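Secondary and tertiary structure notes
So the chains spell out like this:
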Amino acid sequence: MLYGINSTPNSRFSKAQTSKKMVRINKLLLATFLSAPFLLSSCGIFSSRPEAVNITVIEEFVQPGTTTLTEVRSKLGAPMFMGLSNDGVKFAAYGFPSNLVKDPNASFASNLLRVKVPNRMTPMVVKSVYFTLNDDNVITGIDYYGASYIDTEKINSWNEAERKLTPEEIREPTAYTAQDIYDRYFELAANEQGITVDELPDKVKTKEFQHCNPHCQTRRGAHEIFGTFKVTELAPKKLETDKQLYFFDNNPTLPANLK
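Just so you know, these numbers come straight off a predicted model, no measurement behind them.

1. Details of the overall build of the chain
Looking only at helices and strands, one finds seven helices and seven strands in the chain. Counted from the first residue to the last, the chain has its helices and strands arranged as α-α-α-β-β-β-β-β-α-α-α-β-α-β. Every one of the 259 residues in the chain was classed for burial, and the buried ones make up 42%. Taking the intrachain contacts of the chain between residues at least 6 apart in sequence as the baseline, contacts between residues at least 24 apart amount to 69%. Approximately 14600 Å² of the chain is accessible, and the part contributed by carbon and sulfur atoms is 54%.

Encoded structure:
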């Protein structure tokens, strides 16, 4: 069997029909392959790293009222996207995800027997930074948002143990293992229901949240901070002065001199 096409002599498809189907399939695969770079680039510019992101170092080189967006880009690269709120607030959004892709305990951290066993479970922490700008693109303020979750996949994708980070957690340069992410989510869910973690139902522990990647998380944070907004520029074009960021490279998300 090949893509559902029976290749035996008794097939109800003629050789000509089979050939036409294979041409259509090959064209579809080619189109998917050619579109892959676009799909990656359209997600915005962000890099993922196994270490925790120390977001507070940004405050060491950004002085609201003085620092320009061009100067920020020379340290952090191009924003993930540019936005404009309904209230007329212009801002540049950056997302800095970290993941422990080598965490061997990710699939066991929830301590649950699963009917639906995922193929992949990746602990994720996303810290997003939003620079508000005036008409001259001078930074006027800095806002933060963060989330932790388990990026989970089994045919389709979803998030587990998703939780908004506290302001203190956003500023902590601490890496979270899968166990950390589950434990903190269980504690929050139990507190909200007024019960202990041991009393927390399995259906709450394994709740499937809508899949939301780092770009989605950064947009979600923008909605919380600025309300309704529109993206005025997605993955802005790189400037010659930009610090270049790469997907899953060996370089830290933040420049070495800012760690």
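So, next bit.
2. Examining the environment of T241
Note that T241 resides in the segment after β7 (229-234). On the basis of relative accessible area, T241 is assigned to the partly exposed category, the value being 46%. In this structure, T241 is in contact with T70, R73 and S74, ignoring residues within four places of it in sequence.

3. Here we look at the sheet that holds strand β4 (residues 139-154)
Strands pair in a sheet through their backbones, by hydrogen bonds, and they do so in one of two ways: parallel or antiparallel. Strands sit in the order β6-β5-β4-β3-β2-β1-β7 across an open sheet of seven strands; the sheet is antiparallel. The sheet is open, and its two borders are formed by β6 (209-210) and β7, each paired with just one other strand. Pairing analysis gives seven bridges linking β4 to strand β5 (residues 156-164), with the strands arranged antiparallel. Bridge pairing in β5 places I150 opposite E160. Where helix α3 (residues 69-76) meets the sheet, it contacts β1 (81-85), β2 (90-99), β3 (120-133) and β4, and its direction lies at approximately 15° from that of β2. Of the strands in this sheet, β1, β2, β3, β4, β5 and β7 touch helix α7 (residues 214-226), which is tilted by about 40° from β3.

4. A closer look at unusual backbone geometry
The general pattern is negative phi for most residues beyond glycine and trans for most peptide bonds. Positive phi, close to 70°, is recorded for I155, a residue that is not glycine. If you trace the backbone, I155 turns up in the loop between β4 and β5. Backbone geometry at A161 places phi at a positive 50°, although glycine is not the residue there.

5. Regarding the state of the cysteines
For the structure on display, the rule yields one disulfide. Residue C212 pairs covalently with C216 via a disulfide, S to S 1.9 Å. Linking C212 and C216, the disulfide has an S-S dihedral of approximately -100° and is accordingly described as left-handed. Given a relative accessible area of 0%, C212 falls into the buried group.

6. Structural notes on the side chain of R73
Checked against the element boundaries, R73 lands in helix α3. Engagement of the side chain of R73 in a polar contact is seen with the backbone oxygen of K237, the distance being 2.8 Å. If we skip the residues at most four places from it in the chain, R73 touches A78, P79, Y94, P236, K237, K238, L239, T241, D242 and K243.

7. Here's the deal with the pairing of β1
In terms of residue burial, β1 counts as a mostly covered element, since four of its five residues are buried. Alignment of β1 against β2, held across four bridges, turns out to be antiparallel. Across the sheet, residue F81 finds its bridge partner in β2, namely A93. From the end of β1 to the start of β2, which pair antiparallel, there are four residues, and G88 there has a positive phi angle of about 90°. Pairing of β1 with β7, which is carried by five bridges, proceeds in the antiparallel orientation. Each residue of the ladder has a partner; that of F81, found in β7, is L234.

Rules behind the numbers
Residues numbered from 1 in each chain as written. Predicted model: local features only at pLDDT ≥ 70, side-chain atom pairs only at ≥ 80, totals over all residues. Heavy atoms only, no water. Helix = DSSP H or I, 4+ residues; strand = E, 2+ residues; numbered from the N terminus. Buried < 20%, exposed > 50% of the residue type's maximum accessible area, 1.4 Å probe, protein only. Contact = heavy atoms within 4.5 Å. Areas by Shrake-Rupley, 256 points an atom, 1.4 Å probe, with all protein chains shown as cover. Pairing = 2+ DSSP bridges. Axes fitted to C-alpha atoms, helices over the stretch in contact; angles between N-to-C directions. Disulfide = S-S within 2.5 Å. Polar contact = N/O pair within 3.5 Å; in protein donor to acceptor, adjacent residues only side chain to side chain.

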